Every structure is written in structure tokens, then in C-alpha cells.
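Residue strings, one per chain:
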Amino acid sequence: MLQNEKREGYALGQHIAMSAHKARRVIDQIRGHSYDETIMILELMPFGACYPILKLVYSAAANASYSLGCHKEDLYIIKAEVNEGTTLKRVKLRARGHSYPIKRRTCHITIVMKDFSFSQDDYAIDYHDIYSNEGAWHKK
């Protein structure tokens, strides 16, 4: 019988110095993939947002394998989301006493990985041998 225990690990990156739009562009490509596929996709994509996301995927896989005791090859990304963080407001000084605002955007990235491997105990079938002498049909 399958047990109702939680079999997932996660990693949360807060205040990452990039806009949420740039991070979502990468996160949408890896959602639902396995750990190995995700590593390969992130290493080959030409975006600057891939490196912090790659670090979070490594961290989520390490957390899941340590806390659940599973192999990294059995992990899949079931949830990957990007939320907007705080915006740092700076001022760029210009000529003749003018200034322009600069908004340094940050984001929060959450990656949740789940183990989809099943142990042999989950599929154990009760086997009753009808030809043994343990049953109630034994005559004396």
C-alpha cells in the first residue's frame, strides 16, 4: 500500500538580483522535467538567469536526496515559481542638475522536486499458497 508521506524537497532563493520576467523565461522551460534533463537544459541555454536557477536546482536535489534518502536521478521538478521581490530604487545623476530613477529589481525563486521512485515494499502483494497445509481445510 502506498504511504501518504511527503516525498519532496525544495530550495528557495530570495532577493536574486534579476527581474522576475527574465527568470520566468528560463523557469518555464524546466518545469516538469527530470533532474538530469534540467541540468542539461540549464547548461546549454544562453541566458544569464540560468546560473542562479542551476544553483537552486542543485540545492533542491541535494535537500531532497538527503532528507528523503533517494537518488537524484529519480527526482522531477513538480513546482517551479518566480515571484517579484523588493525593488531597490537608485538615482542616476545627469547633466544640469537632473536625475533619473533606476529600479534594481529582485525576485524570489522556489523549486520543489519530488521523488517518483517506488520501493519494492510499495508493490508487495500478499501471496497465499493454496497448496500448503496452513489453511483451514486440513482434515484429520
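The text that follows walks through the structure, step by step, so that each part is easy to find. The structure displayed is predicted, hence computed values, not measured ones. (Residues numbered from 1 in each chain as written. Predicted model: local features only at pLDDT ≥ 70, side-chain atom pairs only at ≥ 80, totals over all residues. Heavy atoms only, no water.)

Quick notes on the environment of Tyr58
Take Tyr58: it is sitting in helix H3 (residues 50-68). Given a relative accessible area of 36%, Tyr58 falls into the partly exposed group. Placed 47 residues apart in sequence, Tyr58 and Ala11 show a C-alpha to C-alpha distance of 8.8 Å. Beyond its immediate sequence surroundings of up to four residues, Tyr58 is in contact with Tyr35, Ile39 and Glu43. (Helix = DSSP H or I, 4+ residues; strand = E, 2+ residues; numbered from the N terminus. Buried < 20%, exposed > 50% of the residue type's maximum accessible area, 1.4 Å probe, protein only. Contact = heavy atoms within 4.5 Å.)

A word on the side chain of His108
Topologically, His108 is positioned in strand S3 (residues 99-115). Here His15 takes part through its backbone nitrogen, which lies 3.2 Å from a polar atom of the side chain of His108. Those residues in contact with His108 that sit more than four places away from it in its chain are Gly13, Gln14, His15, Glu81, Val82, Asn83, Glu84 and Gly85. (Polar contact = N/O pair within 3.5 Å; in protein donor to acceptor, adjacent residues only side chain to side chain.)

Re the nonpolar core
Core analysis: the largest hydrophobic core is formed by 30 residues, its most contacted members being Ile53, Val57, Ile109, Ile111 and Met113. At the level of elements, strand S1 (8-16), helix H1 (20-30), helix H2 (35-44), H3, strand S2 (75-93) and S3 are the ones that each hand at least two residues to this core. Ranked by residue count, the leading element in this core is H3, at eight residues. (Core = buried A, V, L, I, M, F, W, Y, C linked by side-chain atoms within 4.5 Å.)

Quick notes on the side chain of Thr110
Tracing the sequence through the fold places Thr110 in strand S3. Judged by its relative accessible area of 13%, Thr110 falls in the buried class. The contact partners of Thr110, leaving out residues within four places of it in the chain, are Ala11, Leu12, Lys79, Ala80 and Glu81.

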